[in-house]
Amino acid sequence: MKKFINAVSDVENEMIQGMVKAYPQYLRKLDCGNVLVRAERKENKVALIGGGGSGHEPGHCGYIGEGILDACVPGAVFTSPTPDMIYEGIKSIDTGKGVLMMVMNYTGDVMNFEMAAEMAADEGIQVDQVIINDDVAVKDSTWTTGRRGVAGAVLVNKITGAKAESGASLEEVKAVAEKAIANVRTMGAAISPCTIPAAGRPGFEIGEDEIEIGIGVHGEPGTYRDKMMTADQITDILLERILGDLDFTGREVAVLINSAGATPLMELFIINNHVADVLASKNIKVYKTFCGEYMTSLEMAGFSITLLRLDDELKELLDAKAVTPAFTC
């Protein structure tokens with residue numbers, strides 16, 4: 001294993017310290033552990049907290065700031081954060097209007113966030129949650145009951161954060177989050193795996209002429225393997241599943257073409273070129289497109305396509321101001 005690290009045991013701590021030093025205008029680390037919060041807390045608003053395993057950078061901590069998250073709790077690489085750290089994060093951001101937990105659908109994340117919510121409730125803090133489950137590749141997996149949460153979480157967090165920033169109530173913020181979740185779908189593919197530092201070896205092996213279809217974000221293999229094909233052919237497979245799962249016809253959509261870590265922008269733009277053409281042929285209007293690294297899997301060479309079906313409210317919230325390390329508009 002070759003990585004630009006010092007010691008495997010220090011990866012997460014040094015990453016977080018480096019992130020805070022890079023973005024002190026956005027981020028502050030709590031003294032109690034690896035919990036990052038908004039550098040300047042905004043009072044009198046519903047607070048949003050996210051988190052999950054490290055290794056998805058810029059997700060999740062890169063979205064802390066005005067208009068998206070108020071706190072993020074990173075666990076070890078691809079490992080859920082602990083309930084006590086999530087609890088500390090909830091306490092630090094509560095302004096009296098409640099806290100909404102933005103949880104990607106992985107069993108450990110769901111369990112630990114729910115435990116933290118119970119701890120916070122004992123302190124009189126109003127806490128609610130939404131479960132993000134945008135992956136159309138699988139219904140159940142080793143890591144989940146139901147669909148996995150993948151790159152669509154970025155758009156859900158953006159929209160929900162904008163609603164919270166506006167001063168809406170906890171019930172209103174949760175309702176918008178659930179609307180976004182109901183309208184977002186994602187699927188991905190990869191041509192090479194990633195290596196978790198603590199494991200020291202790739203998560204799976206794949207031939208030079210093969211591709212994994214239906215990957216998750218924790219370095220797990222896809223739902224099936226096929227022979228390597230062109231970018232357009234791979235895109236067609238992913239779009240067929242996404243469009244077959246939800247009717248986007250005649251609607252406006254936001255498109256997110258996400259790199260899993262090692263896929264360069266050149267290739268993402270090639271993929272988006274075909275995505276745009278396919279959607280236009282199906283009377284689906286692209287309102288806004290995002291291409292880049294938004295929810296990665298360390299150095300996995302892969303990508304995912306996310307479509308978010310929009311209405312006037314979701315468009316307004318998607319366009320609302322956000323100022324964070326990884327997402328500004």
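Residues numbered from 1 in each chain as written. Predicted model: local features only at pLDDT ≥ 70, side-chain atom pairs only at ≥ 80, totals over all residues. Heavy atoms only, no water.

S.K.: So what's going on with the nonpolar core? Residues and values would help.
M.R.: Counting residues in each nonpolar core, the largest one holds 50 residues, and the members touching the most others are Leu36, Leu48, Leu100, Met102, Ile159 and Phe327. Those elements giving two or more residues to this core turn out to be α1 (11-22), β5 (99-104), β6 (127-132), α4 (152-165), α5 (170-182), β10 (252-259), β12 (301-310) and α8 (312-319). The dominant element in this core, judged by the number of residues it contributes, is α4, at seven residues. Taken together, domain 1 (8-182) and domain 2 (184-317) each give at least three residues to this core, which thus spans both. Those residues in contact with Ile159 that sit more than four places away from it in its chain are Val176, Ala180, Leu308, Leu314, Leu317 and Leu318. Grouped together as the second largest cluster of nonpolar side chains are 28 residues, Ile234, Leu243, Val255 and Ile284 included. (Core = buried A, V, L, I, M, F, W, Y, C linked by side-chain atoms within 4.5 Å. Buried < 20%, exposed > 50% of the residue type's maximum accessible area, 1.4 Å probe, protein only. Helix = DSSP H or I, 4+ residues; strand = E, 2+ residues; numbered from the N terminus. Domains from an automatic or database assignment. Contact = heavy atoms within 4.5 Å.)

S.K.: Tell me what's going on with the pattern of salt bridges, and back it up with residues and numbers.
M.R.: Opposite charge on two side chains permits pairing when their charged atoms draw close. All chains considered together, the criterion is met by 23 salt bridges. Here Arg38 and Asp70 are joined by a salt bridge, their closest N and O atoms 3.2 Å apart. Of the two residues, Arg38 sits in strand β2 (residues 36-38) while Asp70 sits in the loop between β3 (47-54) and β4 (71-77), which places them 32 residues apart along the sequence. Accessibility assignment for this pair places Arg38 and Asp70 in one class, buried. Taking the shortest distance from any N to any O, the salt bridge between Asp245 and Arg185 comes out at 2.6 Å. You can see Asp245 sitting in helix α6 (residues 231-245) and its partner Arg185 sitting in strand β7 (residues 184-192), a full 60 residues away along the chain. In this structure Asp245 comes out as partly exposed when scored by relative accessible area, which is 29%. Taken together, the shared-partner salt bridges connect Arg38, Lys42, Lys45, Asp70 and Glu165 into one network. (Salt bridge = Lys/Arg side-chain N within 4 Å of Asp/Glu carboxyl O.)

S.K.: Tell me what's going on with empty space enclosed by the protein, and back it up with residues and numbers.
M.R.: Applying the stated rule across the entire model yields four cavities of 30 Å³ or more. Lining the largest cavity are 16 residues, with Val150, Ile215, Gly216, Val217 and Ser304 positioned closest to its centre. At the level of elements, β7, β10 and β12 are the ones that each hand at least two residues to the lining of the largest cavity. Tallying contributions element by element places β7 first for the lining of the largest cavity, with three residues. Among the residues forming the lining of the largest cavity, the class breakdown is eight nonpolar, seven polar and one charged. Each of domain 1 (8-182) and domain 2 (184-317) accounts for three or more of the residues forming the lining of the largest cavity. By volume, the second largest cavity is sized at about 60 Å³. Taken together, Met15, Met19, Gly52, Gly53, Ser54, Glu57, Pro58, Gly59, His60, Cys61, Gly62 and Pro74 make up the full set of residues lining the second largest cavity. At three residues, the largest contribution of residues to the lining of the second largest cavity is made by β3. Per-class residue counts for the lining of the second largest cavity are five nonpolar, six polar and one charged. (1 Å grid on protein atoms, 1.4 Å probe; cavity = no way out; pocket = protein on both sides within 12 Å on 5 of 7 lines; lining within 4 Å. Points joined across faces, edges and corners; volume = space filled by probe spheres on them. Nonpolar A, V, L, I, M, F, W, Y, C, P; charged D, E, K, R; others polar.)

S.K.: Just give me the short version of a negative patch on the surface, but keep the residues and values in it.
M.R.: The grouping of Glu114, Glu118, Asp122 and Glu123 at the surface amounts to a negative patch. By the secondary structure assignment, Glu114 is in helix α3 (residues 107-122). (Patch = residues over 30% accessible without salt bridge, like charges linked within 9 Å, V, L, I, M, F, W, Y side chains within 5 Å. Areas by Shrake-Rupley, 256 points an atom, 1.4 Å probe, with all protein chains shown as cover. Lys, Arg positive; Asp, Glu negative; His and termini not counted. Charge placed at Lys NZ, Arg CZ, Asp CG, Glu CD.)

S.K.: Tell me about the sheet that holds strand β8 (residues 210-213), and please be specific about residues and values.
M.R.: Spatial ordering of the open sheet is given by β9-β8-β7-β12-β10-β11, a layout of six strands whose pairing is mixed. For this open sheet the edge positions go to β9 (224-227) and β11 (285-292), each flanked by a neighbour on one side alone. On average, each strand axis in the sheet is tilted by 20° relative to the strand beside it, whichever way the strands run. Bridge analysis of β10 against β11 gives seven bridges, and the strand direction is parallel. Paired with Glu252 across the two strands is Lys285, which belongs to β11. Together, β7 and β12 form the strand contacts of α5, whose direction differs from that of β7 by roughly 55°. (Pairing = 2+ DSSP bridges. Axes fitted to C-alpha atoms, helices over the stretch in contact; angles between N-to-C directions.)

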